[in-house]
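Structural description and commentary
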Amino acid sequence: MDQLLQFAKHSLESQPFSRLLGAEIEHIDGTDVAIRLPLRDELKQQHGFAHGGVLSYLADNALTFAGGMALGPAVLTAEFKINYVRPAVGTALVARAAVIHAGRSQAVCRCDVFARDAGSEKLVATAQGTISKVESLKRE
C-alpha cells in the first residue's frame, strides 16, 4: 500500500492547480481515497463559505483517483454531477471517493465532501461521476 500512497501523492503533486490549492492525499488503500484541503480565506466566497468551485475540484479529483484505482492511471473525468448539501465552513475540507461499478473502460464513482472543524465533520456535498480510461494522455 505504501507504493500506492507514494504514487498517488506524486500524481497529485504533479498537478499545478492542486499544488496551488494545497491539496494532499490523506488516505488511499486501493478501494477508496481521501483528499484533504486546508480551508484558507482565498478559497472562500463572499459569505465566508468554501467556494463551490473548490468543492467541485475536490470531488472531481477524488472521483478520478478512485476511478484510476479500478482502471489504471491513464484516466480522465468523462462527467460528474455535484449536489451541495450545506455551506462549507471549517478549517479543512476532505473528499472521500470510491468506485460504485467498474467495467473495462469506465468506472462510476461516488464522492462525499466534508467540512472539518474542531474535530467534527459535516457533509457539505455529494457527487457522482464517470471516469474513463484513455489510450494516451499525450498532448496533441
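Please refer to the structure higher up on the page.
Described below are features of the structure shown in this document. (Residues numbered from 1 in each chain as written. Predicted model: local features only at pLDDT ≥ 70, side-chain atom pairs only at ≥ 80, totals over all residues. Heavy atoms only, no water.)

Notes on the sheet that holds strand E2 (residues 32-38)
Read across the sheet, 6 strands follow the order E1-E2-E4-E5-E6-E3 without closing on themselves; strand pairing throughout is antiparallel. Taken across any chain shown, the strands that pair with only one partner, and hence form the sheet edges, are strand E1 (24-28) and strand E3 (75-84). Averaged over all pairs of adjacent strands, the angle between strand axes in this sheet comes to 25°, irrespective of strand direction. The sheet contact formed by E1 and E2 spans 4 bridges and is antiparallel. Bridging from a neighbouring strand, Ile-28 pairs with Val-33 of E2. Along the sheet, helix H1 (residues 2-13) makes contact with E1 and E2, crossing E1 at roughly 155°. Lying over the sheet, helix H3 (residues 52-71) contacts E1, E2, E3, strand E4 (92-102), strand E5 (106-117) and strand E6 (120-133), oriented at roughly 135° with respect to E3. (Pairing = 2+ DSSP bridges. Helix = DSSP H or I, 4+ residues; strand = E, 2+ residues; numbered from the N terminus. Axes fitted to C-alpha atoms, helices over the stretch in contact; angles between N-to-C directions. Contact = heavy atoms within 4.5 Å.)

Quick look at the pattern of salt bridges
Any two side chains of opposite charge can pair, so long as their charged atoms come close to each other. Scanning all chains against the criterion turns up 7 salt bridges. One salt bridge connects Lys-44 with Asp-41, and the closest N-O pair in it is separated by 3.3 Å. Of the charged contacts in the structure, one is a salt bridge between Arg-116 and Glu-121, with a shortest N-O distance of 2.6 Å. On the accessibility criterion, Glu-121 (32% relative accessible area) is partly exposed. What you see here is one network of salt bridges that share partners, running through Glu-26, Arg-96, Arg-116 and Glu-121. (Salt bridge = Lys/Arg side-chain N within 4 Å of Asp/Glu carboxyl O. Buried < 20%, exposed > 50% of the residue type's maximum accessible area, 1.4 Å probe, protein only.)

Let's talk about the side chain of Thr-130
Inspection of the secondary structure puts Thr-130 in strand E6. Within the local environment of Thr-130, its side chain forms a polar contact with the side chain of Glu-79, the two groups lying 2.7 Å apart. Those residues in contact with Thr-130 that sit more than four places away from it in its chain are Leu-76, Thr-77, Ala-78, Glu-79, Gln-106, Ala-107 and Val-108. (Polar contact = N/O pair within 3.5 Å; in protein donor to acceptor, adjacent residues only side chain to side chain.)

Quick word on the packing of aromatic side chains
In this structure the tally under the stated criterion is 1 aromatic pair. With 5.5 Å between their ring centres and 80° between their planes, Phe-17 and Tyr-57 make a pair best called edge-to-face. Of this pair, Phe-17 sits in helix H2 (residues 16-21) while Tyr-57 sits in helix H3, and the two are 40 residues apart along the sequence. (Phe/Tyr/Trp six-rings, centres within 6.5 Å; stacked < 30°, edge-to-face > 60°.)

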